[in-house]
There are 2 protein chains.
Amino acid sequence: MDERQQLFHLLNVDGQQLSEKQMNILQAAIDMFAEKGYAATSTSEIAKRAGVAEGTIFRHYKTKKDLLLAIVKPTLFQSVAPFLAKKFVKDVFENEYEHYEQFVRAVFKNRYEFVKTYLPAIRVLWQEMSFHDDIKAQFQTIFTNHVYEKFKQIVEHFQQKGELAPHPPETVIRLTITTIAGFLATRFLIMPDYPWNDEQEMERTIQFLMNGLKA
Amino acid sequence: MDERQQLFHLLNVDGQQLSEKQMNILQAAIDMFAEKGYAATSTSEIAKRAGVAEGTIFRHYKTKKDLLLAIVKPTLFQSVAPFLAKKFVKDVFENEYEHYEQFVRAVFKNRYEFVKTYLPAIRVLWQEMSFHDDIKAQFQTIFTNHVYEKFKQIVEHFQQKGELAPHPPETVIRLTITTIAGFLATRFLIMPDYPWNDEQEMERTIQFLMNGLKA
DNA sequence: AATGATAGTGAGTACTCACTCACTTTTATG
DNA sequence: CATAAAAGTGAGTGAGTACTCACTATCATT
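All residue numbers refer to positions counted from 1 along the written sequence of the respective chain. Lettering for chains starts from A, numbering for ligands starts from 1, and both go in the order in which the items are written. Predicted model: local features are reported for residues with pLDDT of at least 70 only, side-chain atom pairs are reported and counted for 80 or more only, and whole-chain, interface and lining totals are derived from all residues. Only hydrogens and water are set aside when side-chain values are computed; all heavy atoms of the structure are taken into account.

An unreviewed UniProt entry annotates chain A as Fatty acid metabolism regulator protein originating from Anoxybacillus thermarum.

## Considering the relation of the copies chain A and chain B
Applied cut-off: Residues below a pLDDT of 70 in either copy are left out; the C-alpha atoms of the rest, at least 70 in both, set the least-squares superposition of the copies.
Overlaying chain A with chain B gives an RMSD of 0.0 Å, the required rotation being 180 degrees about an axis along which the chain moves by 0.0 Å. Overall, the copies show the geometry of a two-fold rotation axis. In terms of C-alpha distance to the rotation axis, chain A has Gly212(A) as its closest residue, with the C-alpha 2.0 Å off the axis.

## A closer look at the interface of chain A and chain B
For clarity, the cut-off: For this analysis, residues touch if any pair of their heavy atoms sits within 4.5 Å. Take the accessible area each of two parts loses on contact, using a 1.4 Å probe, and add the two losses: that sum is the buried area. By definition here, a salt bridge exists when the distance from a side-chain nitrogen of Lys or Arg to a carboxyl oxygen of Asp or Glu is within 4 Å. Polar contact is the term for a pair of N or O atoms within 3.5 Å; when the atoms are in protein, one must be able to donate a hydrogen and the other to accept it, and sequence-neighboring residues count only if both atoms are side-chain atoms. Only runs of H or I of at least four residues qualify as helices and only runs of E of at least two qualify as strands under DSSP, and these elements are numbered from the N terminus.
Counting from both sides, the interface comprises 39 residues of chain A and, opposite them, 39 residues of chain B. Here chain A and chain B share an interface that buries about 3,000 Å² over both sides, 59% of which is from carbon and sulfur atoms. Contact with chain B buries surface across chain A, with Phe131(A), Arg174(A) and Phe208(A) losing the most and accounting together for 24% of the total. Counting the contacts that link chain A with chain B gives 2 salt bridges. One salt bridge connects Glu201(B) with Arg174(A), and the closest N-O pair in it is separated by 3.0 Å. In this assembly, chain A and chain B are joined by 8 residue pairs in polar contact (both at pLDDT 80 or more). Residue assignment for the side of chain A that touches chain B shows that the elements contributing at least two residues are helix 2 (20-36), helix 8 (100-129), helix 9 (133-160), helix 10 (169-190) and helix 11 (198-213) of chain A. With 11 residues, the top contributor of residues to the side of chain A that touches chain B is helix 10 of chain A.

## Topic: the protein's contact with DNA strand D
Short version of the rule: Any residue with a heavy atom positioned within 4 Å of a molecule or strand is treated as near that molecule or strand. Classes in brief: Ala, Val, Leu, Ile, Met, Phe, Trp, Tyr, Cys and Pro nonpolar; Asp, Glu, Lys and Arg charged; the others, Gly included, polar.
By nearness alone, 17 residues border DNA strand D, and Thr56(A), Arg59(A), His60(A), Thr43(B) and Lys64(B) come closest of all. Near-protein atoms of DNA strand D (within 4 Å) split between backbone and bases, with sugar and phosphate holding 56%. At 2.8 Å, a side-chain N or O of Arg59(A) approaches a base oxygen of DNA strand D. Within the contact set of DNA strand D, a phosphate oxygen lies 2.5 Å away from a backbone nitrogen or oxygen of Lys64(B). Of all the secondary structure elements, the ones that give two or more residues to the surface near DNA strand D are helix 4 (54-60) of chain A together with helix 3 (43-50) and helix 4 (54-60) of chain B. Counting residues per element, the surface near DNA strand D draws most heavily on helix 4 of chain A, which supplies 4 residues. Residue composition of the surface near DNA strand D, by class: 3 nonpolar, 9 polar and 5 charged.

## A few points about the packing of helix 10 of chain A against helix 11 of chain A
Angle between the axes and distance between the axes: these two values describe a pair of packed helices. Residues and elements named next belong to chain A. Basically, it comes down to this: Axis lines are fitted to C-alpha atoms, over the contacting stretch for helices. Their N-to-C directions set the angle, which ranges from 0 to 180 degrees. Here roughly perpendicular refers to angles of 65 to 115 degrees, roughly parallel to angles under 35, roughly antiparallel to angles over 145, and oblique to all remaining angles. Working rule for handedness: look at the near helix, and if it is turned counterclockwise from the far one by less than a right angle, call the crossing left-handed; if clockwise, right-handed.
Where helix 10 meets helix 11, the axes come as close as 11 Å, and the angle between the chain directions of the two elements is 160 degrees. The orientation of helix 10 relative to helix 11 falls into the category roughly antiparallel. At the point where helix 10 passes helix 11, the crossing takes the right-handed sense. On helix 11, the residues that touch Val-172, Leu-175, Thr-176, Thr-179, Phe-183 and Arg-187 of helix 10 are Asp-198, Glu-201, Met-202, Thr-205, Phe-208, Leu-209 and Leu-213. Here the contact of helix 10 with helix 11 is built from residues that sort into 7 nonpolar, 3 polar and 3 charged.

## Re the pattern of salt bridges
In plain terms, the rule: A simple rule labels every residue: compare its accessible area, found with a 1.4 Å probe on the protein chains alone, to the largest value its type can have, and call it buried under 20%, exposed over 50%, or partly exposed in between.
Per the counting criterion, the structure on display carries 18 salt bridges over all chains. Its salt-bridge partner being Asp198(A), residue Arg187(A) comes within 2.7 Å of it at the nearest N-O pair. Of this pair, Arg187(A) sits in helix 10 while Asp198(A) sits in helix 11, and the two are 11 residues apart along the sequence. When its relative accessible area of 12% is taken as the criterion, Asp198(A) is described as buried. Note that Lys87(B) is salt-bridged to Asp91(B), the shortest N-O span being 3.0 Å. Of the residues examined, Lys87(B) reaches a relative accessible area of 51% and is grouped as exposed. The structure contains a network of salt bridges with shared partners spanning Glu101(A), Arg105(A) and Glu203(A).

## A look at the protein's contact with DNA strand C
Not every one of the 17 residues close to DNA strand C is listed here, only the nearest: Thr43(A), Lys64(A), Thr56(B), Arg59(B) and His60(B). One of the backbone nitrogen or oxygen atoms of Thr41(A) is found 3.3 Å away from a phosphate oxygen of DNA strand C. For DNA strand C, a phosphate oxygen lies 3.0 Å from a polar atom in the side chain of Lys21(B). Looking at which element gives the most residues to the surface near DNA strand C, the answer is helix 4 of chain B, with 4 residues. Class assignment of the residues belonging to the surface near DNA strand C gives a composition of 3 nonpolar, 9 polar and 5 charged.

## Observations concerning helix 3 (residues 43-50) of chain A
All names here are of chain A. Here is the rule: Comment: arc refers to directions from the helix axis out to C-beta atoms.
Within the span of helix 3, buried status applies to Thr-43, Ile-46, Ala-47 and Ala-50. Seen end-on, helix 3 carries its buried residues on one side only, within an arc spanning 100 degrees. Buried residues belonging to helix 3 abut helix 2, helix 4 and helix 5 (64-79). Downstream of helix 3 by a residue or two, Gly-51 has a phi angle that is positive, lying close to 70 degrees.

## Points about the domain arrangement of chain A
Residues and elements named next belong to chain A. Convention followed: Those domain boundaries reflect an automatic or database domain assignment.
Domain annotation of chain A identifies domain 1 (1-65) and domain 2 (80-215). Measuring from the centre of the C-alpha atoms in domain 1 to the corresponding centre in domain 2 gives 29 Å. Summing both partners gives a buried area of about 860 Å² for domain 1 against domain 2, and 66% of it is carried by carbon and sulfur. Per-residue buried area on domain 1 facing domain 2 is highest for Leu-10, Ala-34 and Lys-65; these three make up 48% of the total on that side. Lys-65 is the salt-bridge partner of Asp-134, the closest N and O atoms lying 3.1 Å from each other. At the junction of domain 1 and domain 2, the tally comes to 3 residue pairs in polar contact (both at pLDDT 80 or more). Secondary-structure elements contributing two or more residues to the side of domain 1 that touches domain 2 are helix 1 (3-11) and helix 2. When the residues that make up the side of domain 1 that touches domain 2 are grouped by side-chain class, the tally is 6 nonpolar, 3 polar and 2 charged.

Set out below in structure tokens:
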């Protein structure tokens, strides 16, 4: 699966085929939104970079905002994808992961690959979320209804097994997420040019997290 | 010191007096940049909100970007202010802080108050840093020359005392900063409406951090 | 009261913006 | 091959955009 197909895979949630030019538009829009921001990028620039006429953009997307949402919505869902799987909690309870550490390792590795693969689209999502209340609201909904609910069950499960400190689950969740997200943000957004040894640094991060959370 | 005076204090690094209208302009610009972003905010809107003519803005700031920098630059310096103080490291070495935990507590509390007080300006700094390479470069310079250098000495000091795990100092620094920043970002940017018990949550965060980092 | 400097004004300017529409080209289907 | 639907085009449009400039108001100093 080449890069183009991956992009296709990320954005094409409802299964429709995208034409070559449509993919050019999306690719150009993602790259330019990520670089300069949505508001500072004009539709004429996107058209030029994509090698299409400006009108072609508006044939597929009613407004510029529509184009943004076509990028941001699928990325939003994919960014919490593991937690959207039906059998996700069940896997944990049925000893797919015997310890919280194994669970964290699986999530960490999985999200590392995701960020690495789709960085520009994730940049756009993250940056524009602050400015668009509708996107922010959708994120909040998905998080509380899917991620938080399932994460809480998992944390309580391992707390009952005596693996985790008796903090409120939301605190354990917050510390887990910010530790992982903190690494990914530093690694890919803040200091992408630093000579990282990813495996080593992720290992240290997990040790830190497990030490910090243990009962 | 009322809110207006604090703003003045934050922005007016070089000691010049600002007129009433100048402060209105800065206040309006900070609020609107924080809400809608720099690129999506027009100078005419800022003028309207500040209650001045549009020309007045350009009397004081040559360009719109100049206005942004007048907000962002002082905020950037203030955001790492503790590390800019000359005697900062000396204080640590002369047992002002006997343990790393005391040092972390002091920084944490200090930066918590800073973020709480100047949240809108910090939003602007954080959001626009991604889009403006000059701002990003200035941040990198300050960080590597001042924050990182001093932080490293402090970490090595406490590692020699056997308080901290023998990770590379940059790893300890990263984990410390992302843990603190992770709390502040969650508290003030991502979930500002959640019913936080700040003292308790900061206490848990520090316990987590110290547990995670101890030798 | 007179002077010069600084602060403030708002209509005007050249230009860019998102978006439209009448038209042409490509593609799918019998 | 014929036909219609879908995709693609690019000049055109009106509503802004950042910024200018000739002018007025305010203020400190003599």
